[in-house]
Amino acid sequence: MIKTYVLTRPYHNYSFILSNKSGQKLRYVFEGGNTLTNVKAHLTLRSQYAQELLESSEEFKTGFVRIERTVEGGETPTIEKKEATVVDSITSPEQLLEFVAVNLGKVYQRPDAALVHAKAKGFEFPNLDLKKKEE
């Protein structure tokens with residue numbers, strides 16, 4: 001279970017250390033607050049141990065920290081990947097540079113940098129040989 005905790009008073013950042021009965025210490029760092037806009041700092045915990053330690057603390061019992069939201073299942077949400085667009089006609093570095101400049105609007109001097117940009121935009125070039133010189 002994933003729980004997000006929020007402070008009840010606005011702070012930019014706030015941290016404190018809690019100890020369990022055996023003396024092990026755990027620091028809790030609340031971030032993302034803003035005192036000018038009254039945005040409260042928050043902290044997201046995935047560990048059940050850390051959640052239980054925080055919920056048994058004085059900060060939680062007195063209401064200084066409260067649970068903002070709880071998400072069932074400790075799994076990270078999966079992000080669906082888009083299918084890459086395959087461009088078979090690009091075979092040389094010069095063609096790659098031209099393709100990126102024309103189709104993606106970005107001018108590069110180095111083919112390896114252009115390739116990284118094109119892959120980030122979802123293009124693949126199976127016939128590309130970066131060592132090939134155009135004739």
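Above this text sits the structure in question.
Because the structure is predicted, anything quoted here is derived from the model rather than measured.

Draft legend 1. Up close: the nonpolar core. Membership of the largest hydrophobic core comes to 14 residues, with the highest contact counts inside it found for Phe16, Tyr28, Phe30, Leu45, Leu54 and Val65. For this core, the secondary-structure elements that each account for two or more residues are strand 1 (2-7), strand 2 (14-19), strand 3 (25-30), strand 4 (42-45) and helix 1 (48-55). Here this core takes 3 residues from helix 1, the largest share from any one element. What Leu45 contacts, discounting residues up to four positions off in sequence, is Met1, Ile2, Lys3, Tyr5, Tyr28, Ala50, Gln51 and Leu54.

Draft legend 2. Quick look at the packing of aromatic side chains. Enumeration over the complete set of coordinates arrives at 9 aromatic pairs. Pairing Phe99 with Phe125 gives two aromatic rings, centres 5.5 Å apart and planes at 80 degrees, and the pair type is edge-to-face. Of this pair, Phe99 sits in helix 3 (residues 93-103) while Phe125 is found in the segment after strand 7 (123-124), placing the two residues 26 residues apart along the sequence. Exposure remark for Phe99: the relative accessible area of 13% places this residue in the buried category. Accessibility expressed as a relative area gives 9% for Phe125, which makes it buried. One aromatic cluster in this structure is built from Tyr11, Tyr14, Phe16, Tyr28, Phe30 and Phe64.

Each value, and the rule that gives it
- Residues numbered from 1 in each chain as written.
- Predicted model: local features only at pLDDT ≥ 70, side-chain atom pairs only at ≥ 80, totals over all residues.
- Heavy atoms only, no water.
- Core = buried A, V, L, I, M, F, W, Y, C linked by side-chain atoms within 4.5 Å.
- Buried < 20%, exposed > 50% of the residue type's maximum accessible area, 1.4 Å probe, protein only.
- Helix = DSSP H or I, 4+ residues; strand = E, 2+ residues; numbered from the N terminus.
- Contact = heavy atoms within 4.5 Å.
- Phe/Tyr/Trp six-rings, centres within 6.5 Å; stacked < 30°, edge-to-face > 60°.

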